[in-house]
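In case you want the letters, here they are:
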Amino acid sequence: MSVPGPLHSWMQRRRWAMRRGGGAWQSPPSMVLRLLFPVLVLVLLTSLEGGNAARWGSGSAVDDGALTSGDLVPTLNAETFNSSLLAAPANWALVEFYANWCPACKKYKPHFERVARLFTGPNRVHEGVVYFAKVDCADQASQKLCERFSIRYYPSLLWALPPVLAISSRSAKIQSPLEEITNAQTAEALLEQINKRIGKSFSLSDATTEDGKASGTNTSEPLQMPASLHDVEEATAQAFKIIVDEKMLISDNRGSFVQFLMLLVVHHPSERCRKGSANLLVNLAELWPAGQVPTAAFLDHPLCGSGLPRNFWVSCRGERRGYSCGLWLLFHSLSVRVADSESAAAFSAIHSFVEHFFNCQECQQHFLEMISRKRDVIASQEDLVLWLWHAHNEVNMRLAKEEEVSKIWNPNYPKVVWPTRQQCSECRVVASVEKASSTEEPEWAVKAVYKFLKDWYGASLLTFPDTIHEGVESEGQIAVSRGGDESGRNGSSAVRNIAAVAILLASCGFGLVALWWRMQQKKRKAAYSSCCYAYGRRRRRRI
């Protein structure tokens, strides 16, 4: 319905008077919405992007990175790299560093994924053997990661144990434990390089049979992880922490503790553990006076330096392994370093440690029972090294029988007699090579075994220069806390908080605009009704 001419003129004059008299300026709501809408849309998009980043950075499981429906191999970046590799469900890791603009990388992608298909994805044949990942160095989020590994050309392939890749870097100044794979331009050549490193004969034609086993390969030989100094240090630091936390130190076992500490001071393979043990031993009279309880300074003493234990494993990673596996590594690495004249004392120190400070009752009883059956005197390094090796194999055979009965085992880390043929082909007498399996021992060439053990736990012990850990940690590229990436989690949490606040502000903004619009409508309606009423009265008076 149209407004009469006189009324329309009167309303226009009233609006003008309100404006001149200081009345509220009623700007059109549509103008406000046009101004606020782009800002609110931008806030919401930022919130959603932050939410996605938080999802990729959170969680303790293996991060799939930027894994799209068309990608078989996860793409990692600086935020997800460490946590993904620390949680990788495989014995080895292979990471491709590439650039999305590189023609050679695009050409190589199908070859890399053809090999990866054997080890990862829904149709994988050899599960738990190699973890495949890739890093796009052209992505800004990955550039510091590529600098950390000194990537100079694309594609570059780095091979190592997954935790080694997570805690390491590569520099011309230090010796790196990482290995670069070259001469692998095709899928066949890449698989050949992998087989050479793990002692297998996998083929690109391998497939899974009906019983779930891989066809075309011999998978009876388990993969063996090289012994690492990292795990020897970790076991030492965790042992001291457990002893302190569980209040095992009393006057009756003070002598056993001192005896084991002296063994660490002289023969521990880690320099910082030797120094920390020596410092504790020198100050023991003040830190733990005879007949008293240890002081607070004793309890806080870093036996292997600050930052340990790190709470993750390299050689001893895997379910039902960890600390007990680390203790075996510690004992073996000590045994190959003692002199003949010290072997009996070292044997006694290990015996006392297990008896007083290893409170797994069943494990302790089995170990002490093996010692009680020892009739010959430990008179040389060879005696000590071989006795520990026999004891370790006896434990493995007992656990293998238990796993066979219970049907509960870890296929990636089966309990077997060792060294395996893959580790030492000369260690078994030829006539016994085909002798059965994990539950019985073959006939050993003892001298060859002794030589192998001295090298495996001595010169070939996998080591990491201290500068690797210090350099990586100082740059903020890794913050390991019980197998996770703490910095990634903190960053993701901050992003989530910002996203939540942004969404809240956007919602409040829309609510305020809607309230303001509603109030203006009511005012206009009231003003229009008042004008119509006044106009009607004036009209009636004239009549």
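Residues numbered from 1 in each chain as written. Predicted model: local features only at pLDDT ≥ 70, side-chain atom pairs only at ≥ 80, totals over all residues. Heavy atoms only, no water.

By the naming in an unreviewed UniProt entry, the protein is Sulfhydryl oxidase, taken from Sphagnum troendelagicum. One UniProt comment on the protein, placed under Catalytic activity (unreviewed entry), says "2 R'C(R)SH + O2 = R'C(R)S-S(R)CR' + H2O2". Within the UniProt record for the protein, the comment given under Cofactor (unreviewed entry) is "FAD". (UniProt positions renumbered as here; feature names shortened; annotations may be inferred.)

Caption draft 1: Representation of the pattern of salt bridges in the model. A full pass over the atoms with the stated rule returns 13 salt bridges. In this structure, the salt-bridge partner of R197 is E179, at a minimum N-O distance of 2.8 Å. Of this pair, R197 sits in helix α7 (residues 187-198) while E179 sits in strand β5 (residues 179-181), and the two are 18 residues apart along the sequence. The salt bridge partner of D245 is K241, with a shortest N-O separation of 2.7 Å. Here the residue D245 and the residue K241 both occupy positions in helix α8 (residues 229-245), the gap between them amounting to four residues, near one helical turn. By relative accessible area, which is 39% here, K241 ends up partly exposed. Counted as one network, the salt bridges with shared partners bring together E233, R272 and R310. (Salt bridge = Lys/Arg side-chain N within 4 Å of Asp/Glu carboxyl O. Helix = DSSP H or I, 4+ residues; strand = E, 2+ residues; numbered from the N terminus. Buried < 20%, exposed > 50% of the residue type's maximum accessible area, 1.4 Å probe, protein only.)

Caption draft 2: Looking closely at the packing of helix α9 (residues 254-267) against helix α13 (residues 323-335). Put simply, α9 and α13 touch, their axes get as near as 10 Å, and they point 60° apart. Relative to α13, α9 is oriented oblique. Of the two possible hands of crossing, α9 and α13 adopt the one that is left-handed. In this structure, α9 contributes F260, L263, L264 and H267 to the contact, and α13 contributes L330, F331 and L334. Residue classes in the contact of α9 with α13 are distributed as six nonpolar, one polar and no charged. (Axes fitted to C-alpha atoms, helices over the stretch in contact; angles between N-to-C directions. Parallel < 35°, antiparallel > 145°, perpendicular 65-115°, else oblique. Left-handed = near helix turned anticlockwise from the far one by under 90°. Contact = heavy atoms within 4.5 Å. Nonpolar A, V, L, I, M, F, W, Y, C, P; charged D, E, K, R; others polar.)

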